Amino acid sequence: MKWIKITETSNIPKREGRSVKVGSHEIAIFNLGDRFLAIQNSCPHGGGPLADGIVSGNSVVCPLHGWKTCLESGEVQRPKDLQSCVRRYPVKVEEGVVLVQIEATAKGRETQERMCTA
Amino acid sequence: MEKLIVIGNGMAGVACVEQILKHSPRFDITIFGEETHVNYNRILLSSVLAGEKEMDDITINGLDWYQSNNISLRLGVRITGIDPVAKTVTGDDGSTIHYDKLLIAAGSTPLIPPMEGTTKQGVYCFRNLDDTRALLERARPGVKAVVIGGGLLGLEAARGLQVQGADVTVVHLMDRLMERQLDYTGGLFLKRKIEELGVKVLLEKSTSEILGNGHVEGLRFEDGETIEAGLVVIAAGIRPNVELGRKASLTVNRGIVVNNYMETSDPDIFAVGECVEHNCVCYGLVAPLYEQGKVLAATITGNRGPVYKGSISAAKLKIMGVDVFSAGFTDDTVAGVEAVRYEDPSLGVYKKLTLKDGCLAGVILVGDVADSHRYTEWLKDGTDLSAQRRNLLFPGSAPDTGCDVASIPDSETVCGCMGVTKGDIISAIHEKGLQTLAQVKEATRASSGCGSCTELCKGLLKAVVPEFEEDQKKVLCACVPFTQENLREMVRTQHLKSVQEVLDIYGNGHGCEICKPALSYMVDMTWCGDHEEDRSARFINDRVHANIQRDGTFSVVPRMRGGVTSPAELRRIADVSEKYNVPMVKVTGSQRLDLLGVRKEDLPAIWAELGMPSGQAYTKGVRMVKTCVGTTFCRFGTQDSISAGIELERRLENLFTPHKTKMGVVGCPRNCAEATVKDIGMVGQEGSWQVVVGGAAGKSVRKADLLITVESTEEALTAAQLFFQYYREHANYLERTYDFVERLGMEKVRKETVYAPPAVREALLDRLAKAKALSRDAWLEREAPVNPTQFVQIQPMETIAL
Ligand code: SRM
Ligand SMILES: Cc1cc2nc3c(=O)[nH]c(=O)nc-3n(C[C@H](O)[C@H](O)[C@H](O)COP(=O)(O)OP(=O)(O)OC[C@H]3O[C@@H](n4cnc5c(N)ncnc54)[C@H](O)[C@@H]3O)c2cc1C
Ligand code: SF4
Ligand code: FES
């Protein structure tokens, strides 16, 4: 699976997110200080831009109506017990550049493998 | 059913009827009231005059109460005669009605001392709603007002008139103010405090004549001196209304004489309130009237038993910043009475206790009334104080409401105004499951009078309902479990200069969308530039200075000060909108224009091409100042509202506040730009401005409260600035001014802003000036973004077909 070079790490400030369009995918990449994580940039509630949300620990809060999504598991944590989730993208950092991997036929979180880089 | 007629729809009469209803529904009740208003709280007229309460706020029982208790109410009817043989009363409307039992609760009438000219226009008493309304209409900046009488009522009237802007002098016959309650030294301390407020005091002045040709122009005193006055209030005492008692051939001295069961000399006629005399005493305060009412209710319903033993008069002056309390017998020149005193002129504190036979006989407190409740208890119980002689003036450290509350007996009156005992409150809490102070007020009436028992009521709630404490201590959120007040304190004293520091030291290290923006505001407000800014703690709106829309685009609202624009500005707005395909241009509800549906990456260019500063429509900060045309064009304008509004906006723009701050300035009371429903409003009057705060017309609608009335525009702007900075420093994050002023109470807000000592006011203005100097138009970040991708859409370094 190919790693795609996205941007220099300094372009994503600490505890903030930035969105990027790669082909048909719109991805939100977050800088958690000690690692980078990426999910789809669209809230399962109403499509809100998750990259613009406030980071709370390892979750992000959607700027539109406050749904809270875990950046690691992709699960929606608030509202509770919703069983809803967003797509995750593996991320790594190499030589000061953030890279993501896009699986051609990702079908949900079971098939995804979490990748964290320091 | 027996027919009960009540003469007087005032405080004592209706309170007594409330008690009667508690006993049994055996009467068919009719109440006659000469005033045209339903039963209201007369003691709060002082607060209405001082602008702290609206007339509508002081109703005790509305029409629905009379209806649901099947009481016939006859307002605007004066009873002119009683025939005790035929058992009828006659009204000035000509009607004659039969009664089985008659209750006289006619109150009293202001005493007019013998002098000439009291019927001139501009001479008022201060007794009822009509008087108060008239005074409110006439008191304004520039008016010279004289209050004749330096007792409780006179002083409260003086303060009220002064708050309305009048230049006030109190003229008093005696050698000291409130001589019925205070001794010479107490009077001296009080005089100093009153003068510090800016009210002039003339002692030992006997007025001989009110001067003027039709309308009052001044006063002449017996010593020949004169003083100018455009408004005179006579507050020289009261006279019980006893004429009806005489007509009914009842025994009458100064008041209608009643025995310990509240019976008059006629077995079917009873009397209560200021019109009665019990044991040679006529009372002029409400607490005794309630005690009388309870006894009377028992007697009249056939439960004769409880007796009225007389009351200890306790008086409290209701002027903010001037704490005066007096109770019992304070004259120590009488044999067998000795006095213990404490005075500190710099602090303005004076205390005197009189003792007789080892028990407390009376108390005078000026400047520090914290222990008044304890002294009242001692007075009532006749506690033997021999053992604590050394600590009388400072009985124990800061009174802990918790244990104070426990030591109060159930029968003890907690709320003197409404005559509610501790037992009443506790059983109401238990029976009705009350949880909040508001519910206690509603259910028992306690603390709905002068408000001095509020702390005790809270203490009772706390003691009985443990949840109440939590109700009080609302923590910011689970990440940093402290109240906002605590957090502000921590940020300041621990020198915490970034959001992350607060989260690391006092919280879970992460924070969330609730605490981060709040902490961000606190750190910024406290350190004002001398802090580490953390954009990630801000909501997206405050990172890109635009309001996020439902589709992820943004809106652009440029500042249009006072709602005034120009053809050139409009042309640029039109050009920009066309060039960037702005989907909608809309006139907002705040007198400006909104460019909706803009992409984040277009924001910097649009701002640059508009060449207008940010309107802060996306943030918790200064929104706008709406104005009306005022004297510039309007035929009714009395003030230049446009210039004043633009100036106000200039002085405050670019600053952040706990929640959004919206303002309005109008040229006359027609209020065309809705200033009285804004967070801060200025309402122009002929020759003055009213500065109002805490208004809202959003989720809740609230009419703003009067902060102060001043003559010049500069003074009005300063008052607005004082409140603005005070709100910035003391409100909780996301607390609009309408909640803020209610939480603190206008009294406190005024005391700590416009009526604060000059040094405090200057310090507030200095801190505001410092923040203002550091603030800047957020849209200038278009030239120097805080990080390279603040507005830019990130482009991947390699493209790939997917
Ligand atoms: C654009 C505007 C409506 C319009 O088309 O006219 C507007 C739009 C919004 N208002 Fe408003 N309000 C607008 C004037 C008002 C007014 C009228 C006024 O200011 O005189 C009020 C009532 C006055 C008041 O605030 O007391 C008003 C009371 C609210 C409230 C209720 C506030 C409250 O505590 O009662 C909210 C919600 C909130 O703040 O929590 C709100 C929130 C909002 C938000 C920001 C909702 C949001 O968070 O996204 C809306 C942004 C829409 C958007 O997508 O951009 N808006 N809003 C007006 C912008 C004025 C401006 O030029 O800045
Ligand atoms: C401005 C102000 C501030 C005060 N502050 C305090 C305070 O802080 N603490 C305190 O304890 N007390 C205070 N008082 C005093 C307190 O208000 C009175 O003691 C109390 O209202 C007396 O109640 P009442 O029912 O006897 O008389 P009122 O409340 O005066 O009621 C009597 C009613 O009877 C009506 N009436 C009279 N004659 C007739 C008739 N012939 N036919 C029909 N109706 C008639 C009158 O119009 C009046 O409405 C204050 C009073 C004023 C004016
Ligand atoms: S009233 Fe205000 S918040 Fe509600 S939809 Fe309209 S603009 Fe949005
Ligand atoms: S779109 Fe994200 S919470 Fe509604």
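Residues numbered from 1 in each chain as written. Chains lettered and ligands numbered in written order. Predicted model: local features only at pLDDT ≥ 70, side-chain atom pairs only at ≥ 80, totals over all residues. Heavy atoms only, no water.

## Here's the deal with the overall build of chain B
Helix and strand content of chain B: 25 helices and 40 strands. In chain B, which comprises 802 residues, the proportion classed as buried is 54%. (Helix = DSSP H or I, 4+ residues; strand = E, 2+ residues; numbered from the N terminus. Buried < 20%, exposed > 50% of the residue type's maximum accessible area, 1.4 Å probe, protein only.)

## Some points on the interface of chain B and chain A
Counting residues at the interface gives 33 residues for chain B, matched by 36 residues for chain A. Both faces combined, the contact of chain B with chain A buries some 2800 Å², and carbon together with sulfur accounts for 56% of it. Measuring nitrogen to oxygen at the nearest pair gives 2.9 Å for the salt bridge that ties arginine 78 of chain A to glutamate 513 of chain B. In this structure, the connection of chain B to chain A is made through 17 residue pairs in polar contact (both at pLDDT 80 or more). When residues of the side of chain B that touches chain A are traced back to their parent elements, those giving at least two are helix H17 (515-527) and helix H18 (540-544) of chain B. Broken down by class, the residue content of the side of chain B that touches chain A amounts to 13 nonpolar, 11 polar and 9 charged. (Contact = heavy atoms within 4.5 Å. Buried area = accessible area lost by both parts, 1.4 Å probe. Salt bridge = Lys/Arg side-chain N within 4 Å of Asp/Glu carboxyl O. Polar contact = N/O pair within 3.5 Å; in protein donor to acceptor, adjacent residues only side chain to side chain. Nonpolar A, V, L, I, M, F, W, Y, C, P; charged D, E, K, R; others polar.)

## A look at the sheet that holds strand S1 (residues 3-8) of chain A
Residue and element names in this part refer to chain A. If you walk across this open sheet you meet the 3 strands as S1-S11-S10, and the pairing is antiparallel. Since the sheet does not close on itself, it has two edges, and those belong to S1 and strand S10 (91-94), each with one partner. Each neighbouring strand pair of the sheet contributes to a mean axis angle of 30°, computed without reference to strand direction. Note that S10 and strand S11 (residues 97-101) share 4 bridges and pair antiparallel. From the neighbouring strand, valine 91 faces S11, where its bridge partner is valine 100. (Pairing = 2+ DSSP bridges. Axes fitted to C-alpha atoms, helices over the stretch in contact; angles between N-to-C directions.)

## A look at the sheet that holds strand S9 (residues 88-89) of chain A
The strand order across the open sheet formed by 4 strands is S2-S3-S4-S9 (chain A), and the pairing between neighbours is antiparallel. Either end of the sheet is taken by a strand with one partner, and the two such strands are strand S2 (17-22) and S9 of chain A.

## Details of the site of ligand 2
Residues and elements named next belong to chain B. Every one of the 32 residues lining ligand 2 counts as a neighbour, but Ala12, Glu35, Arg127, Glu274 and Lys318 are closest to it. Between ligand 2 and glycine 284, the relevant distance is 3.4 Å, taken from an oxygen atom to a main-chain nitrogen or oxygen of the residue. Between valine 286 and ligand 2, the recorded distance is 2.8 Å, taken from a backbone N or O atom to an oxygen atom. Relative to its free-state accessible area of 990 Å², ligand 2 is covered by the protein chains to the extent of 92%. Breaking the shell around ligand 2 down by element, the ones donating at least two residues are helix H1 (11-23), strand S2 (27-33) and helix H8 (286-300). A per-element tally of the shell around ligand 2 places H1 first, with 3 residues. Per-class residue counts for the shell around ligand 2 are 15 nonpolar, 10 polar and 7 charged. (Near = heavy atom within 4 Å. Areas by Shrake-Rupley, 256 points an atom, 1.4 Å probe, with all protein chains shown as cover.)

## A closer look at the state of the cysteines
Residues and elements named next belong to chain B. This model, assessed by the stated rule, comprises 0 disulfides over all chains. A disulfide-free cysteine, cysteine 628 has its sulfur positioned 5.9 Å from the sulfur of cysteine 672, the nearest such atom. On the basis of relative accessibility, which here comes to 14%, the residue cysteine 628 falls in the buried class. (Disulfide = S-S within 2.5 Å.)

## Description of unusual backbone geometry
For the bond running from arginine 78 of chain A to proline 79 of chain A, omega is 0°, close enough to zero to count as cis. The backbone of histidine 545 of chain B sits at a positive phi, close to 55°, despite the residue not being glycine. For histidine 545 of chain B, the position within the fold is in the loop between H18 and strand S30 (547-548). Judged by relative accessible area, which is 3%, histidine 545 of chain B ranks as buried. Despite not being glycine, asparagine 654 of chain B shows a phi value in the positive range, around 75°. For asparagine 654 of chain B, the position within the fold is in the loop between helix H21 (641-652) and strand S35 (661-666). The buried category is assigned to asparagine 654 of chain B, whose relative accessible area is 12%.

## A look at helix H20 (residues 603-610) of chain B
Residue and element names in this part refer to chain B. Taken as a whole, H20 has its buried residues at Leu603, Pro604, Ile606, Trp607 and Leu610. Looking straight down H20, one finds that the buried residues subtend no more than 165° of arc, so they occupy a single side. Immediately downstream of H20, the backbone of glycine 611 shows phi near 65°, a positive value. (Arc of directions from axis to C-beta.)

## Examining empty space enclosed by the protein
All names here are of chain B. Counted by the stated rule, this structure contains 6 cavities of 30 Å³ or more. Considered as a void within the structure, the largest cavity measures approximately 220 Å³ in volume. In terms of lining residues, the largest cavity is bounded by 19 residues, among which Pro517, Ser520, Tyr521, Arg538 and Phe656 are the most central. For the lining of the largest cavity, the element with the most residues is H17, which contributes 5 residues. Here the lining of the largest cavity is composed, by residue class, of 7 nonpolar, 5 polar and 7 charged. Per-domain counts for the lining of the largest cavity show at least three residues from each of domain 3 (473-538) and domain 4 (544-775). (1 Å grid on protein atoms, 1.4 Å probe; cavity = no way out; pocket = protein on both sides within 12 Å on 5 of 7 lines; lining within 4 Å. Points joined across faces, edges and corners; volume = space filled by probe spheres on them. Domains from an automatic or database assignment.)

## Focus on the pattern of salt bridges
Residues and elements named next belong to chain B. Evaluation of the coordinates by the stated rule reveals 58 salt bridges over all chains. The salt bridge partner of arginine 492 is glutamate 489, with a shortest N-O separation of 3.0 Å. In this pair, arginine 492 and glutamate 489 are both assigned in helix H15 (residues 484-493), 3 residues apart and thus about one turn of the helix distant. The class of glutamate 489 is partly exposed, set by a relative accessible area of 39%. Here aspartate 705 and arginine 702 are joined by a salt bridge, their closest N and O atoms 2.8 Å apart. For the pair shown, aspartate 705 and arginine 702 are each scored as buried. Look at the salt bridges and you will find they share partners, linking Asp183, Asp332, Arg341 and Lys352 into a network.

## Side note on the site of ligand 1
Residue and element names in this part refer to chain B. Around ligand 1 sit 22 residues in total, of which Gly589, Ser590, Lys660, Lys699 and Tyr738 are the nearest. Within the contact set of ligand 1, an oxygen atom lies 2.8 Å away from a side-chain nitrogen or oxygen of lysine 662. Between lysine 699 and ligand 1, the recorded distance is 2.7 Å, taken from a backbone N or O atom to an oxygen atom. For the shell around ligand 1, the per-class residue count stands at 5 nonpolar, 8 polar and 9 charged.

## Quick word on the environment of glycine 48 of chain A
As for its position among the elements, glycine 48 of chain A is in the loop between strand S4 (36-40) and strand S5 (54-56). Spatially, the C-alpha atom of glycine 48 of chain A lies 9.6 Å from that of glycine 66 of chain A, the residues being 18 residues apart in sequence.

## Thoughts on the packing of helix H22 (residues 713-730) of chain B against helix H23 (residues 737-744) of chain B
Residue and element names in this part refer to chain B. Interhelical geometry of H22 versus H23 gives an angle of 80° and a closest axis separation of 11 Å. With respect to each other, H22 and H23 are oriented roughly perpendicular. Mapping the contact onto sequence places Phe723, Tyr726, Tyr727 and His730 in H22 and Thr737, Phe740, Val741, Arg743 and Leu744 in H23. In the contact of H22 with H23, the residues fall into 6 nonpolar, 2 polar and 1 charged. (Parallel < 35°, antiparallel > 145°, perpendicular 65-115°, else oblique.)

## Observations regarding the pairing of S35 of chain B
Residues and elements named next belong to chain B. Most of S35 is tucked away: 5 of the 6 residues are buried. In this sheet, S35 lies alongside strand S34 (residues 622-627) in parallel orientation, the contact comprising 4 bridges. When the sheet's bridge partners are listed, valine 625 is paired in S35 with methionine 663. Crossover connection from S34 via H21 to parallel S35: handedness left-handed. Note that S35 and strand S36 (residues 680-685) share 4 bridges and pair parallel. Bridged to valine 665 within S36 is methionine 682. (Right-handed = clockwise from strand over helix to strand, strands pointing away.)

## Points about the confidence of the model for chain B
Considering every residue of chain B, the mean pLDDT works out to 92; 98% of them sit at 70 or more. Under a pLDDT of 50 for its full length, residues 397-402 of chain B has, in the predicted model, 5 contacts with residues more than four places off or in other chains. (pLDDT = per-residue confidence, 0-100.)

## Points about the pairing of strand S5 (residues 88-91) of chain B
Regular strands place their side chains on alternate faces of the sheet. Residues and elements named next belong to chain B. Where strand S4 (residues 79-83) meets S5, 4 bridges bridge the pair, whose relative direction is antiparallel. Its bridge partner being in S5, glycine 81 is matched across the sheet by threonine 90. The turn linking S4 back onto S5 is made up of 4 residues, and lysine 87 within it adopts a positive phi angle of 55°. Across 3 bridges, the pairing between S5 and strand S6 (residues 96-98) is antiparallel. Bridged to threonine 88 within S6 is histidine 98. Linking S5 back to S6 in an antiparallel pair, the connection comprises 4 residues, with glycine 94 at a positive phi of about 95°.

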